[in-house]
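Results of the structural survey
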Amino acid sequence: MVKVGKVMDTMKEKFPELAQNVQPIFVSIDPARDSLKALRDYAKDFHPSYVFLTGSPEQVQAMAKKYRVYMSKADETEDGDYLVDHSIVIYFHDDSGDIADCFTQSMRPSDVVEKVIERMTFVPSY
C-alpha cells in the first residue's frame, strides 16, 4: 500500500494530467473485522488518494473469486484476534473497467509508474 502511495506521488509530480485519472482502491477481504469505521481509521496511515471499500461476506468472496485472490483466515487466538493471509496484487483497470495490467509486490514503484503510463498513453497503430 505504501508502494501505491509512492506511485501516486510520482505520477502527480511527473504526469499530473494522467494522475488525475488514477484512483487507488483498497478492498478489504475481511468484512467481519473491517467495518467502514475500521477502514476509515486504517486509512489514516496511508496515502490520502486511497478509497477503502468492503462489502458483505458474499460480495467479498465473489470479488476474491473473480480476481483469483488467495485468502486464508488463521485460527483465532484466545483474545479473538486472528491473521488473514492473502495474495498481494495491484490490479490496474482501464477507463472501461477492464483489467489492463497487474503488478506484484516485487515490482519497484518506478516500474509500476512506467507500466501505468504505458497503458494510459498507448495508441494502437491500425
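Cut-offs and rules
- Residues numbered from 1 in each chain as written.
- Predicted model: local features only at pLDDT ≥ 70, side-chain atom pairs only at ≥ 80, totals over all residues.
- Heavy atoms only, no water.
- Helix = DSSP H or I, 4+ residues; strand = E, 2+ residues; numbered from the N terminus.
- Buried < 20%, exposed > 50% of the residue type's maximum accessible area, 1.4 Å probe, protein only.
- Contact = heavy atoms within 4.5 Å.
- Areas by Shrake-Rupley, 256 points an atom, 1.4 Å probe, with all protein chains shown as cover.
- Lys, Arg positive; Asp, Glu negative; His and termini not counted.
- Charge placed at Lys NZ, Arg CZ, Asp CG, Glu CD.
- Pairing = 2+ DSSP bridges.
- Salt bridge = Lys/Arg side-chain N within 4 Å of Asp/Glu carboxyl O.
- 1 Å grid on protein atoms, 1.4 Å probe; cavity = no way out; pocket = protein on both sides within 12 Å on 5 of 7 lines; lining within 4 Å.
- Points joined across faces, edges and corners; volume = space filled by probe spheres on them.
- Nonpolar A, V, L, I, M, F, W, Y, C, P; charged D, E, K, R; others polar.

**Digging into the overall build of the protein chain**
Summing up its helical and strand segments, the protein chain has five helices and six strands in all. Ordered by position from N to C terminus, the α and β elements of the protein chain give α-α-β-α-β-α-β-β-β-β-α. Along the three orthogonal principal directions, the C-alpha set of the protein chain runs to about 60 × 30 × 25 Å. Here the protein chain holds 126 residues, and the buried ones make up 25% of them. Pairs at least 24 residues apart make up 53% of the contacts formed inside the protein chain by residues separated by at least 6 positions. Approximately 9,100 Å² of the protein chain is accessible, and the part contributed by carbon and sulfur atoms is 53%. The centroid of the 15 positive side-chain charges in the protein chain is displaced by 3 Å from the centroid of its 21 negative side-chain charges.

**Things to note about the pairing of strand S6 (residues 99-104)**
With five bridges connecting them, strand S5 (residues 89-93) and S6 associate as antiparallel partners. Looking at the pairing, Tyr91 lines up with Cys102 of S6. Taken together, S5 and the strand that follows it, S6, pair antiparallel across an intervening segment of five residues, in which Gly97 is found at a positive phi of about 95°.

**Concerning the pattern of salt bridges**
Considering all chains together, one arrives at eight salt bridges under this definition. Close ionic contact of Asp30 with Arg33 constitutes a salt bridge, the shortest N to O distance being 3.0 Å. Judged by its relative accessible area of 9%, Asp30 falls in the buried class. Residue class for Arg33 comes out partly exposed when judged on its relative accessible area of 35%. Note that Arg108 is salt-bridged to Asp111, the shortest N-O span being 3.0 Å. Judged by relative accessible area, which is 52%, Arg108 ranks as exposed. Salt bridges sharing common partners tie together Asp30, Arg33 and Asp81.

**Concerning the layout of surface pockets**
Roughly 1,600 Å³ of internal volume is contained in the largest pocket. As for the largest pocket, its lining consists of 45 residues, and the residues nearest its centre are Ile25, Phe26, Val27, Val89 and Ile90. Contributing elements (two or more residues each) for the lining of the largest pocket: helix H1 (2-14), strand S1 (25-27), helix H3 (36-43), strand S4 (84-86), S5, S6 and helix H5 (109-121). Class assignment of the residues belonging to the lining of the largest pocket gives a composition of 30 nonpolar, eight polar and seven charged. Empty space within the second largest pocket amounts to approximately 190 Å³. Together, Ile29, Asp30, Pro31, Ala32, Pro57, Val60, Gln61, Met71, Ser72, Lys73 and Val84 line the second largest pocket. For the lining of the second largest pocket, the per-class residue count stands at seven nonpolar, two polar and two charged.

Read these as spatial facts, not as claims about activity.
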